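In case you want the letters, here they are:
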Amino acid sequence: MPENMSTKHTVVALVENQPGVLMRVTNLFRRRNFNIDSLSVGRTHRPQISRMTIVVDSARANAQRIMANLLKLVPVIDVANVGADLHVSRDLALVKVRSDDADSRNALTMIVERYPARIVDIGNLYAIVEITAQEDRVEQCIHELEPIGIVEMVRTGVVAMGRGARILDSSYERTAQPSTNGYHV
Amino acid sequence: MGRVLSGAEILLECLIEEGVHYIFGYPGGAILPTYDALSKYPQLHHVLVRHEQNAAHMADGFARATGRVGVAMATSGPGATNLVTGIATAMMDSSPIVCITGQVSRPVIGTDAFQEVDVTGVTLPITKHNYLVMDIHELADTIREAFYIARSGRPGPVLVDVPKDVQNEKIEWEYPTAPVKLPGYRPPAQASEPDVVAALELINNAKKPLILAGHGLMMSGATNEVRELAEKAQIPVALTLLGKGAMPEGHPLTIGMMGMHGVAASNLAIQEADLLIALGMRFDDRVTGNIKTYSPNSKKIHVDIDPSELNKNIQVDVAVAGDLRAVLAQLIPGVKSTAHSDWLNTIRDWQEDADEREILRRDTGERLLGAQVINDIWKFTGGDALVTTDVGQHQMLEAQYYPHIRPSTMITSGGLGTMGFGMPSAIGAKLGRPEEEVWAIVGDGGFQMTLQELATAVQEHVNINIAILNNGFLGMVRQWQELFHERRYNETHMFSPDFVKLAEAYGIPAMRVTKREQVEEAIAFARSHDGPTLIEFVVEKEDMVYPMVPSGADLDAMIRRPKPNEA
């Protein structure tokens, strides 16, 4: 099963953890007219390195162009087109839905059982469902929750990682070395 | 133990370590501590401009003429925002400059303090990289990184914003000697072996190959290599505007400029070629015309140091990210000697057809044409001057009628098309290469955008020759109005002052030329004076630059000047 829809690119960037990096990346996408579908940033196990997962609508740009432009940014250390190869991707959503009668509570329980989801808060009026899954599964779950009555929702955006030995090396000591980014068509 | 220095002193000592002599700038409140420290460093020469935009243009002209990093300095707020057009100009043409701006003190950053502007935010999309220095301990490494980034890889402008209190702060300091650490900055160097093999396969099998020579060849120092490649396999060469000088014009294999106002033979060769070898150029829309019909029968090799330029506008068969000098050295040994005589003869036929249409071969009567003026400047300067231009008809005429033999002798705003670039960039170029005869060829429109730098030229006694081609119009816009807007010359007719009197007000020797026979004398007059001189050439008002590929049209759909028997 494909891990993402073919119209999107999932690109991962390792960046120096310094002020303004997020602005440089988002500005690049705005300036080049690449549409960001989702973008998530977080620290890595190396304190000076952050990792971004960027999902881009492919209508205007191929992954090669996106990566070449990202690599031009000085604080961007490395980039990988994770979506092009075997990978794991996850999106997390918190969905607040109505839970003020037996029907809604029963429906909630049944839906949550069929997804990698759980009820993390429930009260007389509202419950919060947490779902962590591939983006399309999250979409399906939300779609099923809709008839119950969604009142609030938040999503983290996709994070992704290559499977097996596909490791994006975040070694900070990696120094200048010749690298061609050219390729044959 | 280090000495105790202020941030301002550290900044200036770092500039000296980078080999800086000239700083083009303008003082103001937030940069004042650095200006105060200037007097301690007589090895630095500050050139006081009359507008900060021109400080950036001068640094740019200096950089393009010398290949070294040019430095511009300005204060915070309006000083910094005035740099913007100059920075964008340098960005589009990959020119290495470092701009130092003062910023309001750290405690008031973000409070909308007097003359506060988020200049790193403003210049983010128009710099290769920029910095706001919030810690004096990072100042020296930031300056070192700025110069390294500006001049390496694909060069470009870098801005360093330094708050006033960082300039005033004092620390014990020694110049850092460890290499700068930029883990994410790795410009490509050489071509991979499969790329070399694939490129050679195409080159050695081509019947109608064509080299497209760009600015990158000069920045990489690969002009000897491209000539060697062209001569070894007898491959003709078309030049981009900024590529003028990459291959000597007048060389039998050099056809001339390509693109919207390129020579017809270059454009026809592009459309007819079976192989394009694009070197250090970026398939700008002014070069390609309609990309859907661009060079339809050719395989394409593209070598550029910036991987993001590959397959951006034109899909190519072999895309090589690398430094041209290194990549050409990899390619040349594998290139077979060939003659390509049929192909070269075809191109020669196109050139002969263009000769028949040539305006210089015609009797133009009393009229003085821009083409004649520029061709005469070429003739009477022995074809060996360093020429800067503004943007418009005179710029295209320079490209057509001033053939350049040596690299980096034609400096013009190609990518951004910045009017007013010519004169300030000439000042920077002349200071960088004092042994060169420098001409600024400008139009009446562009000149009036930056003419305040006449005062700078006088104050610094810079020996530049300014040639204004005055046609009383924004000539290129007028040409578009004539061709595409039924001659509705809305707001392109322009009043100008008496340029000769204006020059004299600055104490600059000046002459006005209205007839062809005065041209030689005026050029001799300009060349005989030390210091700046100005000549106003009053040229034909409604002249056209031919050939012309209308915007977005097919490259071979050129509007040509009619032959005499067709006119």
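Residues numbered from 1 in each chain as written. Chains lettered and ligands numbered in written order. Predicted model: local features only at pLDDT ≥ 70, side-chain atom pairs only at ≥ 80, totals over all residues. Heavy atoms only, no water.

1. Some remarks on the overall build of chain A
Piece 1. On a plain count of helices and strands, chain A comes out with four helices and nine strands.
Piece 2. Listing the helices and strands of chain A from first to last along the sequence gives β-α-β-β-α-β-β-α-β-β-α-β-β.
Piece 3. Taking all 185 residues of chain A together, the buried fraction comes to 43%.
Piece 4. Summarising the internal contacts of chain A: among those between residues at least 6 apart in sequence, 73% fall at separations of at least 24.
Piece 5. Surface summary for chain A: the accessible area is close to 9,800 Å², and the carbon and sulfur share equals 52%. (Helix = DSSP H or I, 4+ residues; strand = E, 2+ residues; numbered from the N terminus. Buried < 20%, exposed > 50% of the residue type's maximum accessible area, 1.4 Å probe, protein only. Contact = heavy atoms within 4.5 Å. Areas by Shrake-Rupley, 256 points an atom, 1.4 Å probe, with all protein chains shown as cover.)

2. Some details on the overall build of chain B
Piece 1. Counting its regular elements, chain B contains 23 helices and 20 strands.
Piece 2. Computed over its C-alpha atoms, the radius of gyration of chain B comes to 24 Å, within 12% of the 24 Å expected for a compact globule of 567 residues.
Piece 3. Dimensions of chain B, computed from C-alpha atoms along their principal axes, come out at roughly 75 × 65 × 40 Å.
Piece 4. For chain B, the proportion of its 567 residues judged to be buried stands at 62%. (Rg over C-alpha atoms; globule rule 2.2 N^0.38 Å.)

3. A word on the domain arrangement of chain A
All names here are of chain A.
Piece 1. Along its sequence, chain A is carved into domain 1 (8-85) and domain 2 (88-159).
Piece 2. With centres defined by C-alpha atoms, the gap from domain 1 to domain 2 works out at 29 Å.
Piece 3. The interface is formed by seven residues belonging to domain 1 together with five residues belonging to domain 2.
Piece 4. Across the pair K8 and E135 runs a salt bridge whose closest N-O atoms are separated by 3.8 Å.
Piece 5. Taken together, the links from domain 1 to domain 2 amount to two residue pairs in polar contact (both at pLDDT 80 or more).
Piece 6. Looking at the side of domain 1 that touches domain 2, the elements with two or more residues in it are β2 (36-43) and β3 (49-57).
Piece 7. Tallying contributions element by element places β2 first for the side of domain 1 that touches domain 2, with four residues.
Piece 8. In terms of residue class, the side of domain 1 that touches domain 2 is made up of two nonpolar, three polar and two charged. (Domains from an automatic or database assignment. Salt bridge = Lys/Arg side-chain N within 4 Å of Asp/Glu carboxyl O. Polar contact = N/O pair within 3.5 Å; in protein donor to acceptor, adjacent residues only side chain to side chain. Nonpolar A, V, L, I, M, F, W, Y, C, P; charged D, E, K, R; others polar.)

4. Focus: the confidence of the model for chain A
Residues and elements named next belong to chain A.
Piece 1. When the pLDDT values of chain A are averaged, the result is 87; 88% of them are 70 or greater.
Piece 2. The model gives residues 1-5 a pLDDT under 50, and that stretch makes eleven contacts with residues more than four places away or in other chains.
Piece 3. Across residues 172-185 the pLDDT falls below 50, and counting only partners more than four positions away or on other chains, this stretch makes 40 contacts in the model. (pLDDT = per-residue confidence, 0-100.)

5. Topic: the domain arrangement of chain B
Residues and elements named next belong to chain B.
Piece 1. Segmentation of chain B into domains returns domain 1 (3-173), domain 2 (193-350) and domain 3 (370-538).
Piece 2. Computed over C-alpha atoms only, the centres of domain 1 and domain 2 are separated by 37 Å.
Piece 3. In this complex, domain 1 contributes seven residues to the contact, which on the side of domain 2 involves seven residues.
Piece 4. A combined buried area of about 590 Å² lies between domain 1 and domain 2, and 58% of that area is made up of carbon and sulfur atoms. (Buried area = accessible area lost by both parts, 1.4 Å probe.)

6. Observations concerning empty space enclosed by the protein
Residue and element names in this part refer to chain B.
Piece 1. Scanning the entire structure with this criterion turns up two cavities of 30 Å³ or more.
Piece 2. Taken as a whole, the largest cavity encloses approximately 50 Å³ of empty space.
Piece 3. What lines the largest cavity is P236, P252, L253, I255, L344, I347, R348 and Q351.
Piece 4. If one sorts the elements of the lining of the largest cavity by residue count, helix α15 (residues 341-357) sits on top with four residues.
Piece 5. The residue inventory of the lining of the largest cavity, partitioned by class, reads six nonpolar, one polar and one charged. (1 Å grid on protein atoms, 1.4 Å probe; cavity = no way out; pocket = protein on both sides within 12 Å on 5 of 7 lines; lining within 4 Å. Points joined across faces, edges and corners; volume = space filled by probe spheres on them.)

7. Brief notes about the packing of aromatic side chains
Any aromatic ring pair is given by two values, namely how distant the centres are and how the planes are angled relative to each other.
Residues and elements named next belong to chain B.
Piece 1. What the rule picks out here adds up to eleven aromatic pairs over all chains.
Piece 2. Here the aromatic rings of Y22 and F62 are separated by 6.3 Å at their centres, their planes lie at 70°, and the arrangement is edge-to-face. Residue Y22 is located in strand β2 (residues 22-25), and its partner F62 is located in helix α3 (residues 52-66); the two are separated by 40 residues in the primary sequence.
Piece 3. The class for Y22 is buried, based on a relative accessible area of 17%.
Piece 4. Aromatic side chains F473 and Y489 sit 5.5 Å apart centroid to centroid with 75° between the ring planes, which places their arrangement in the edge-to-face category. Taken together, the residues F473 in the loop between β18 (464-470) and α21 (475-484) and Y489 in the loop between α21 and α22 (499-505) connect sequence positions 16 residues apart.
Piece 5. With relative accessibility at 7%, the residue F473 sits in the buried group.
Piece 6. Connected via pairs of aromatic rings, a cluster forms that spans Y22, F24 and F62. (Phe/Tyr/Trp six-rings, centres within 6.5 Å; stacked < 30°, edge-to-face > 60°.)

8. Considerations on helix α1 (residues 21-31) of chain A
Piece 1. All of the buried residues in α1 of chain A are V21, R24, V25, N27, L28 and F29 of chain A.
Piece 2. Contact partners of the buried residues in α1 of chain A: β1 (8-16), β2, β3 and α2 (63-72) of chain A together with β6 (129-132) of chain B.
Piece 3. Of the residues flanking the end of α1 of chain A, it is N33 of chain A, one or two places downstream, whose phi is positive at about 65°.

9. Quick word on the pairing of strand β5 (residues 97-103) of chain B
Residues and elements named next belong to chain B.
Piece 1. Of all seven residues in β5, seven are buried, a share of seventy percent or more.
Piece 2. What you see with β5 is no split at all: I97, C99, T101 and Q103 on one side and V98, I100 and G102 on the other are buried throughout.
Piece 3. The pairing of strand β4 (residues 70-74) with β5 spans five bridges and is parallel. From the neighbouring strand, A72 faces β5, where its bridge partner is C99.
Piece 4. Of the strand pairs in this sheet, β5 and strand β7 (residues 158-163) are connected by six bridges, and their pairing is parallel. Along β7, the bridge assignment pairs I100 with V160. (Pairing = 2+ DSSP bridges.)

10. Here we look at the side chain of S266 of chain B
Piece 1. Checked against the element boundaries, S266 of chain B lands in helix α12 (residues 264-272).
Piece 2. Leave out the neighbours within four places in its chain, and S266 of chain B touches L210, A238, I255, G256, M257 and M258 of chain B.

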